[in-house]
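Examining the three-dimensional arrangement
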Amino acid sequence: MSTVVMHAVVSVDGFIADDNDDVGPLFDWYFNGERPLFEGAEASVHPSMRISDRSYDYVKPFWDSITCAVVGRHLFDLTNGWEAKPPACEHLVVVSHRPRPEGWHPEADVPFVDDVTEGIGVARDLAGNGVVALSAGDAAGQALALGLVDFVAMDVVPVVFGSGKRYFGHVEGRRMLEDPDVVLQGDRVLHLRYPVRH
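Report follows, based on the coordinates. (Residues numbered from 1 in each chain as written. Predicted model: local features only at pLDDT ≥ 70, side-chain atom pairs only at ≥ 80, totals over all residues. Heavy atoms only, no water.)

1. Some details on the environment of Asp64
Here Asp64 lies in helix α2 (residues 53-65). Through-space distance from the C-alpha of Asp64 to that of Ala88 is 7.0 Å; in sequence the pair is 24 residues apart. (Helix = DSSP H or I, 4+ residues; strand = E, 2+ residues; numbered from the N terminus.)

Following this line, the structure appears as C-alpha cells:
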C-alpha cells in the first residue's frame with residue numbers, strides 16, 4: 001500500500017514561493033553542503049545539488065522512496081512537467097481541468113486528471129508500495145481536506161516572505177496533525193514531518 005506525503009520547501013510564514021512564483025532563498029540549502037543528492041547519470045544532470053550530511057540522511061532515503069509525484073497544473077506549467085522526467089521518481093500525475101498541452105511529450109505516460117481524488121488514486125496505483133509525493137499548494141490542500149494525505153512534510157527555511165503561494169493552498173477549516181515524527185536540523189533548513197490525524 002502506498003503512502004501519500006504532502007511535501008515542499010517552505011518559508012517560516014508558510015509560503016512555497018512569492019507572489020511572482022520566485023522561490024528566492026528557499027532552495028539554497030540544496031547547494032550548501034558536501035553530499036551529492038544524485039548519483040550516477042543523474043549526478044551529471046544536477047552536479048551542484050549538494051546538501052549537508054544531516055539533511056542527506058533524511059532527504060536521500062525520502063527521495064529514494066518516492067515512486068510517483070502528483071502536481072497541480074500551475075507547477076506543471078512552471079516546470080514544463082520536468083520534460084516528463086520528474087527529479088525524484090519515475091511516474092508523474094497532473095491534476096488539471098485543462099488537458100495535456102498539445103504536442104507535449106506524446107510518448108510519455110503522464111496521466112492528466114481533473115479531480116484530486118482521482119489523481120491520488122491513479123498515483124497510488126502507479127506507486128505500488130512506494131511513496132506518492134504530493135507537491136504542496138492548492139491541489140494538495142484539497143487532498144488534505146479530503147483525508148487523502150498520510151503525512152505532511154516540510155523543509156522549513158529561515159526566511160519570511162510576507163505573501164505568496166501558500167503551502168496549504170486555500171484549504172478551509174481546521175486539520176489536526178499528530179506530533180512530528182521527524183524533526184531534523186540541517187544547514188539553513190529544518191526538516192519536519194507530521195503524520196495526519198484521521
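What follows picks up the thread again.
2. Focus on the side chain of His91
By the secondary structure assignment, His91 is in strand β6 (residues 91-95). Using a relative accessible area of 16% as the deciding quantity, one classes His91 as buried. When neighbours within four sequence positions are excluded, His91 is seen to be in contact with Thr67, Cys68, Ala69, Pro86 and Leu126. (Buried < 20%, exposed > 50% of the residue type's maximum accessible area, 1.4 Å probe, protein only. Contact = heavy atoms within 4.5 Å.)

3. Structural notes on the environment of Val59
For Val59, the location among the structural elements is in helix α2. Under the relative-accessibility criterion, Val59 is labelled buried at 2%. In this structure Val59 touches Trp29, Leu37, Ile51 and His191, once residues within four positions along its chain are discounted.

4. Side note on the side chain of Lys60
Note on placement: Lys60 falls in helix α2. Given a relative accessible area of 12%, Lys60 falls into the buried group. At a separation of 3.3 Å, a polar atom in the side chain of Lys60 contacts the main-chain carbonyl oxygen of Leu37. Among residues more than four places away in sequence, those in contact with Lys60 are Leu37, Glu39 and Ser55. (Polar contact = N/O pair within 3.5 Å; in protein donor to acceptor, adjacent residues only side chain to side chain.)

5. Some points on the sheet that holds strand β1 (residues 3-11)
Spatially, β7-β6-β5-β8-β1-β9-β12-β11 is the arrangement adopted by the 8 strands of the open sheet, whose pairing is mixed. The two strands at the open ends of the sheet, each matched to only one other strand, are β7 (112-113) and β11 (182-185). Here β11 runs beside strand β12 (residues 190-195); their pairing, made up of 4 bridges, is antiparallel. Paired with Val183 across the two strands is Leu192, which belongs to β12. (Pairing = 2+ DSSP bridges.)

6. A word on helix α5 (residues 138-145)
By the burial criterion, the buried members of α5 are Ala139, Ala140, Gly141, Ala143 and Leu144. Along its buried surface, α5 packs onto β1, β5 (66-72), α4 (116-127), β8 (131-135) and β9 (151-157). Backbone geometry just downstream of α5 places Gly147 in the positive-phi region, at approximately 75°.

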